[in-house]
Amino acid sequence: MDTRGRLSKGPWKVASASAAASTLLELPRRTQESRTRTRALGFPMEKSAASTELQGPRPVLGRDSVQVPDDQDFRSFRSECEAEAGWNLTYSKAGVSVWVQAVEMDRTLHKIKCRMECRDVPAETLYDVLHDIEYRKKWDSNVIETFDIARLTVNADVGYYSWRCPKPLKNRDVITLRSWLPMGTDYIIMNYSVKHPKYPPRKDLVRAVSIQTGYLIQSTGPKSCVITYLAQVDPKGSLPKWVVNKSSQFLAPKAMKKMYKACVKYPEWKQKHQPHYKPWLHPEQSPLPSLALSELSVQHADSLENIDESAVAESREERMGSAGGEGSDDDTSLT
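Below you will find a few notes about this structure.

Here is what the cut-offs are and how they apply
Residues numbered from 1 in each chain as written. Predicted model: local features only at pLDDT ≥ 70, side-chain atom pairs only at ≥ 80, totals over all residues. Heavy atoms only, no water. Salt bridge = Lys/Arg side-chain N within 4 Å of Asp/Glu carboxyl O. Helix = DSSP H or I, 4+ residues; strand = E, 2+ residues; numbered from the N terminus. Buried < 20%, exposed > 50% of the residue type's maximum accessible area, 1.4 Å probe, protein only. Phe/Tyr/Trp six-rings, centres within 6.5 Å; stacked < 30°, edge-to-face > 60°. Core = buried A, V, L, I, M, F, W, Y, C linked by side-chain atoms within 4.5 Å. Contact = heavy atoms within 4.5 Å.

1. Here's the deal with the pattern of salt bridges
Logical step 1: On inspection of all chains with the given rule, the structure shows 13 salt bridges.
Logical step 2: Between Lys 137 and Glu 134 there is a salt bridge; the shortest N-O distance is 3.4 Å. Within this pair, Lys 137 and its partner Glu 134 are both found in helix H5 (residues 133–139), separated by three residues, close to a single helical turn.
Logical step 3: For Glu 134, a relative accessible area of 42% corresponds to the partly exposed category.
Logical step 4: We note a salt bridge from Asp 204 to Arg 202, for which the minimum N-O separation is 2.8 Å.
Logical step 5: On the basis of relative accessible area, Asp 204 is assigned to the exposed category, the value being 52%.
Logical step 6: Overall, Arg 202 belongs to the partly exposed group, its relative accessible area being 34%.
Logical step 7: Connected via shared salt-bridge partners are Arg 78, Glu 82 and Asp 186.

Laid out in structure tokens, this is it:
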């Protein structure tokens with residue numbers, strides 16, 4: 001950090017979320033100075049998440065205020081990614097495994113966990129791929145629109161993502177607070193839904209709720225890693241059984257394999273597209289405006305319209321796509 005309080009150039013890595021928060025919880029704002037407290041580095045601070053009495057992961061049902069995840073949240077997320085009890089294995093093939101778990105408090109909500117071995121992809125490359133929003137538009141064929149809205153800290157931001165659902169279901173979108181933490185050679189990225197006053201639900205999409213979603217990337221060698229994807233999402237609707245089955249048996253494995261292909265091609269693509277631009281490693285590169293946590297609120301599922309699609313039949317196009325197996329996707333856009 002230079003003498004003017006700006007972040008100096010160079011890769012940003014910390015050992016804990018609290019270290020990141022104490023480095024910079026929010027960029028200075030005149031409107032914040034009267035209601036925030038300042039730590040030793042001289043930056044305005046929101047009330048520390050660690051000072052609350054709530055225990056367990058922050059992004060859970062019942063959360064009444066928006067908070068940036070702290071060390072406890074990252075540890076809890078990692079433990080759940082590594083847990084085996086209570087999970088039902090539904091798919092295991094070619095280095096990809098998928099588990100599902102029904103949430104007891106609401107049987108319409110399901111957790112899904114996917115794990116993939118990446119034998120020739122370094123952990124840092126996979127981490128970059130998950131962060132690089134421009135590259136995601138190239139390899140994620142399900143994305144309709146995605147963009148970052150504002151940054152909250154050096155390791156947290158707010159963003160928008162909309163995606164295509166299996167036909168004839170309605171497409172979904174979500175506004176999330178995303179936070180990330182490098183831990184030596186391992187990495188965690190996780191998010192949960194929030195409300196932003198400038199991005200209300202759209203009429204042409206169903207606003208879904210991410211209760212807790214994220215990735216754990218664990219290095220297994222200089223050029224290999226294992227990624228675990230964990231998601232608990234309320235799609236805001238009663239989905240037909242074929243969607244739940246298809247997600248775990250076909251869609252999730254296919255998405256993981258597509259991600260793997262994107263990782264293999266990323267170094268070559270990045271060399272042609274702003275190779276030194278990585279704001280997730282170099283926070284001073286971020287062009288995003290800063291945003292106070294007080295401008296956000298938690299997106300509770302019960303405040304959104306519930307869409308009953310339980311009787312919707314799978315389209316012939318979708319059935320044909322599934323019957324075709326998990327064949328290769330068109331990768332020509334990744335060049």
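Now that the structure has been shown, we can carry on.
2. As for the packing of aromatic side chains
Logical step 1: Evaluated as defined, the whole model comprises eight aromatic pairs.
Logical step 2: Aromatic side chains Phe 147 and Tyr 160 sit 5.0 Å apart centroid to centroid with 20° between the ring planes, which places their arrangement in the stacked category. One end of the pair, Phe 147, is in strand E6 (residues 143–153); the other, Tyr 160, is in strand E7 (residues 156–163), and 13 residues separate them in sequence.
Logical step 3: The exposure class of Tyr 160 is buried, given its relative accessible area of 3%.
Logical step 4: Centre to centre, the rings of Tyr 215 and Tyr 229 are 5.1 Å apart; their planes meet at 40°, and the pair counts as tilted. Within this pair, whereas Tyr 215 is found in strand E11 (residues 209–221), its partner Tyr 229 is found in strand E12 (residues 224–234), the two being separated by 14 residues in sequence.

3. Some remarks on the nonpolar core
Logical step 1: If you look at the biggest cluster of nonpolar residues, it comprises 33 residues, and the most contacted ones within it are Leu 126, Tyr 127, Leu 130, Ile 217, Ile 227 and Met 259.
Logical step 2: Taken together, the elements giving at least two residues each to this core come down to strand E4 (96–102), strand E5 (110–118), helix H4 (123–131), H5, strand E9 (186–195), E11, E12 and helix H6 (241–272).
Logical step 3: Contacts of Ile 227, omitting those with residues within four sequence positions, involve Cys 114, Arg 115, Met 116, Cys 118, Leu 126, Leu 130, Tyr 215, Leu 216, Ile 217, Met 256 and Met 259.
Logical step 4: Among the nonpolar cores identified, the runner-up in size contains 17 residues, and Val 68, Ile 175, Tyr 192 and Leu 205 belong to it.

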